Amino acid sequence: MAKSENSADQKSDWFIPSVHHSLTEEEVKKVTDDLNYHCSPELIAALAKYTSNSLKCLDVLDSLSGYLPEVKYPRTSGRKPNKEENVGNAWAWLCDITGAPYGKLSGKKVAIKDSVAVAGVPMSNGSRVLEGYVPEYDATIVTRILDAGGRIVGKAACDDGCLSAMGFSSIEGYIHLPDTPDYRVGGSSGGSTVLVAAGEVDFAIAGDQGGSIRIPAAWSGVVGLKPTHGLVPYTGIVSIEPTLDHIGPVARSVADCALFLEVLAGNNGIDPRQKTDIVVPEYSKLLETETELKLGILKEGFECCVDEVRNLAKTFLEGVASCKNLTCTDVSTPLHEVATPIFTPICMQGAQTNIQMGTTPQFLDGFHSTSLAKAIQEGTKCSGRHFSPGMKQFTMMGEILTRRYGNHYYAKARNLTIDLRKQIDDVLENQCDVLIMPTLTSLPPKFVTKGNDEAGDLLKYLNESIFMVTNTLVYNLTGHPAITIPLGKIGDPSKPGLMIVGRKFDEVKVFQVGLALEKLVQASL
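All of these numbers come straight from a predicted model, not from anything done at the bench.

(A) Structural detail: the overall build of the protein. Of regular secondary structure, the protein possesses 16 helices and 11 strands. At 23 Å, the protein has a C-alpha radius of gyration in line with the 24 Å of a compact globule built from 525 residues. Taken along its principal axes, the extent of the C-alpha atoms in the protein is 80 × 55 × 50 Å. The buried share among the 525 residues of the protein stands at 56%. Excluding contacts between residues fewer than 6 apart, the proportion of contacts in the protein whose partners are at least 24 apart in sequence is 78%. When the accessible surface of the protein is summed, it comes to about 22,400 Å², and 54% of that surface belongs to carbon and sulfur atoms. Side-chain charges of the protein comprise 50 positive and 61 negative groups, with the mean position of each set lying 1 Å from the other.

(B) Representation of unusual backbone geometry in the model. A cis amide bond, omega 5°, links Gly187 with the succeeding residue Ser188. Here Ser188 lies in the loop between β3 (151–156) and α5 (190–197). Although it is not a glycine, Asn325 sits at a positive phi angle of roughly 75°. Of note, Asn325 is situated in the loop between α9 (307–317) and β8 (326–331).

(C) Looking closely at the sheet that holds strand β11 (residues 497–502). Taken together, the 11 strands give an open sheet; going across it, the order is β1-β3-β2-β4-β6-β5-β10-β11-β9-β7-β8, and neighbouring strands pair in mixed fashion. The sheet is open, and its two edges are formed by β1 (91–98) and β8, each paired on a single side. Neighbouring strand axes in the sheet, compared pairwise and without regard to direction, differ in orientation by 25° on average. For strand β2 (residues 109–113) and strand β4 (residues 203–208), the ladder comprises 2 bridges, and the chain directions are parallel. Within the sheet, the bridge partner assigned to Val110 lies in β4 and is Phe203. The sheet contacts of helix α13 (residues 408–430) involve β8, β9 (434–438) and β11, and relative to β9 the element is tilted by about 115°. Those strands touched by helix α16 (residues 507–524) are β5 (223–226), β7 (293–298), β8, β9, β10 (482–486) and β11, and its axis lies near 155° from that of β11.

(D) Quick look at helix α12 (residues 389–405). Across its 17 residues, α12 extends 24 Å between first and last C-alpha, which sits within 8% of the 24 Å expected from 1.5 Å per residue. For α12, the set of buried residues is Gly390, Met391, Phe394, Thr395, Gly398, Glu399 and Leu401.

(E) Just the packing of helix α10 (residues 339–356) against α13, in detail. Between α10 and α13, the least distance of the axes is 9 Å, while the angle of their chain directions is 130°. Taken as axis vectors, α10 and α13 run oblique relative to one another. Like other packed secondary-structure pairs, α10 and α13 cross with a definite hand, here left-handed. Counted together, Ala339, Ile342, Pro345, Ile346 and Gln349 of α10 and Tyr409, Tyr410, Ala413, Arg414, Leu416, Thr417 and Leu420 of α13 form the full contact between these two elements. Its residues assigned to classes, the contact of α10 with α13 shows 9 nonpolar, 2 polar and 1 charged.

(F) Just a nonpolar patch on the surface, in detail. Residues Val31, Leu35 and Tyr37 make up a contiguous nonpolar surface patch of about 310 Å² in total accessible area. Summarising the element assignment, Tyr37 is placed in the loop between α1 (25–34) and α2 (41–54). Residue Tyr37 is classed as exposed on the basis of its relative accessible area, which comes to 51%.

(G) The arrangement of empty space enclosed by the protein in detail. For the structure shown, the criterion picks out 4 cavities of 30 Å³ or more. Put simply, the second largest cavity is a space of about 170 Å³. Put simply, the parts of the chain that give the lining of the second largest cavity at least two residues each are α10 and α11 (370–383). The element best represented in the lining of the second largest cavity is α10, accounting for 3 residues. When grouped by side-chain class, the residues that make up the lining of the second largest cavity number 10 nonpolar, 8 polar and no charged.

(H) Region of interest: the pairing of β10. Across the 5 residues that make up β10, a large majority, 5, are buried. Burial of β10 is two-sided: the residues Ala482, Thr484 and Pro486 facing one way and the residues Ile483 and Ile485 facing the other way are all buried. Note: β5 against β10, 3 bridges, orientation antiparallel. In the strand pairing of β10, Lys226 is matched with Ala482. Bridging between β10 and β11 involves 5 bridges; their strand directions are antiparallel. Bridge pairing in β11 places Ala482 opposite Val501.

(I) Here's a closer look at the packing of α10 against α12. Relative to each other, α10 and α12 sit at 100°, their axes nearing to 8 Å. When the axis of α10 is compared with that of α12, the two are roughly perpendicular. Side by side, α10 and α12 meet where Thr344, Pro345, Cys347, Met348, Gln349, Ala351, Gln352, Ile355 and Gln356 of the first sit next to Met391, Gln393, Phe394, Thr395, Met397, Gly398, Glu399, Leu401 and Thr402 of the second. For the contact of α10 with α12, the per-class residue count stands at 9 nonpolar, 8 polar and 1 charged.

Parameters and conventions
Residues numbered from 1 in each chain as written. Predicted model: local features only at pLDDT ≥ 70, side-chain atom pairs only at ≥ 80, totals over all residues. Heavy atoms only, no water. Helix = DSSP H or I, 4+ residues; strand = E, 2+ residues; numbered from the N terminus. Rg over C-alpha atoms; globule rule 2.2 N^0.38 Å. Buried < 20%, exposed > 50% of the residue type's maximum accessible area, 1.4 Å probe, protein only. Contact = heavy atoms within 4.5 Å. Areas by Shrake-Rupley, 256 points an atom, 1.4 Å probe, with all protein chains shown as cover. Lys, Arg positive; Asp, Glu negative; His and termini not counted. Charge placed at Lys NZ, Arg CZ, Asp CG, Glu CD. Pairing = 2+ DSSP bridges. Axes fitted to C-alpha atoms, helices over the stretch in contact; angles between N-to-C directions. Expected span 1.5 Å × (residues − 1). Parallel < 35°, antiparallel > 145°, perpendicular 65-115°, else oblique. Left-handed = near helix turned anticlockwise from the far one by under 90°. Nonpolar A, V, L, I, M, F, W, Y, C, P; charged D, E, K, R; others polar. Patch = residues over 30% accessible without salt bridge, like charges linked within 9 Å, V, L, I, M, F, W, Y side chains within 5 Å. Salt bridge = Lys/Arg side-chain N within 4 Å of Asp/Glu carboxyl O. 1 Å grid on protein atoms, 1.4 Å probe; cavity = no way out; pocket = protein on both sides within 12 Å on 5 of 7 lines; lining within 4 Å. Points joined across faces, edges and corners; volume = space filled by probe spheres on them.

If you want it as structure tokens, here you go:
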């Protein structure tokens, strides 16, 4: 690997080991008082002595080197983009990493969301908390892209901590489409979708915990897929909540999206989110089918939308009658209407726990980035005041839920997710092959103009955010694959995206329906 100031083979300040781990009696008293243990002075002294001896095991761990994913291709650290070349504030960092000389992505330029580790290249996750952090390993999907001949040309900007759906909390500034700078592109993967829509790259990686691939893809007029949970390994990517974590492809067409998924998907053996028996077909060769496919027009997915979006989507779907092998039927999954309350404790408590622990999910076997965990923990202590207002609200609510109610509502939401998933599975098994609905409930609004009323601006932003994700977050809870395709031209935010949801690990049918509807869109332009 080529050496540079920030190259991956140099250890950063995050790697300075802690030594001489011990506890004073004062520290033990504070902890036991916080836990309401009512320990006597004698017991506190004994606990301090015994625990200090036990903590010597940490000195042993500090002396050992753990597993790190392989870094196969040389690179330099790259640079920050200048204002003139940073289209729509969508670039967080520029680099140029060349992969294998041949492969499915040969000659293709790829942008990587700035929540994904690329060795030797700074990763901020859209937040001041991680400023200056440089991972020393490649995420699994980065290696797979390079193995397939892809050329990684930079990191795409994202919202602060990826905990926003509106695209204006990134430290890079407001992310927007070049031709509509006053309108929101959505988030948190806004940089990824803008770069694809603007033709800066052929493909982009995006992440999705509540809609963060599909939201900006829909408002950017490109194709974005949230794959089945666990189909694409999440190793080497900043986690929000392990059961909600999804990473997936963004492209300008369904066919390109299918090709990109072939490269990304499959088990890597070190991601606990994944099944061990994942089969990855050649999606791009299975897009055409003679089999009749039944589209389930989801009642609740339309009822939650504003009239303009609902009518545009329904008008478009009237043309499905002209599509060979496609038919429509009305379906319903009633718990869709309460998915937002189900989602809230899971995502907010999960996110806050990850931040407190340094984004390392506990009790999960597999690779954990110790450097990232330490960087987030230390960065939060030093820079938490720099969180965006939305991220402060998000994590604060997670803390309040935990302090007031423990895991009661988290557990209840988990149980309701089982019922929600069963409703969807039953409909997909017995009534239709895919579900259809608008991706988002509204067309993109304008950016909130920063004024003197910070609280008022925040309230407006939060209300818009929670309304717009009504359809997307459902399938993060249940893990079903969901793709959004544009109903207009690439880069045109005036038309809604249409979301197609399929059975788990049946991305083939999702792509087949997506291609058929994409052709219908193109014929109407």
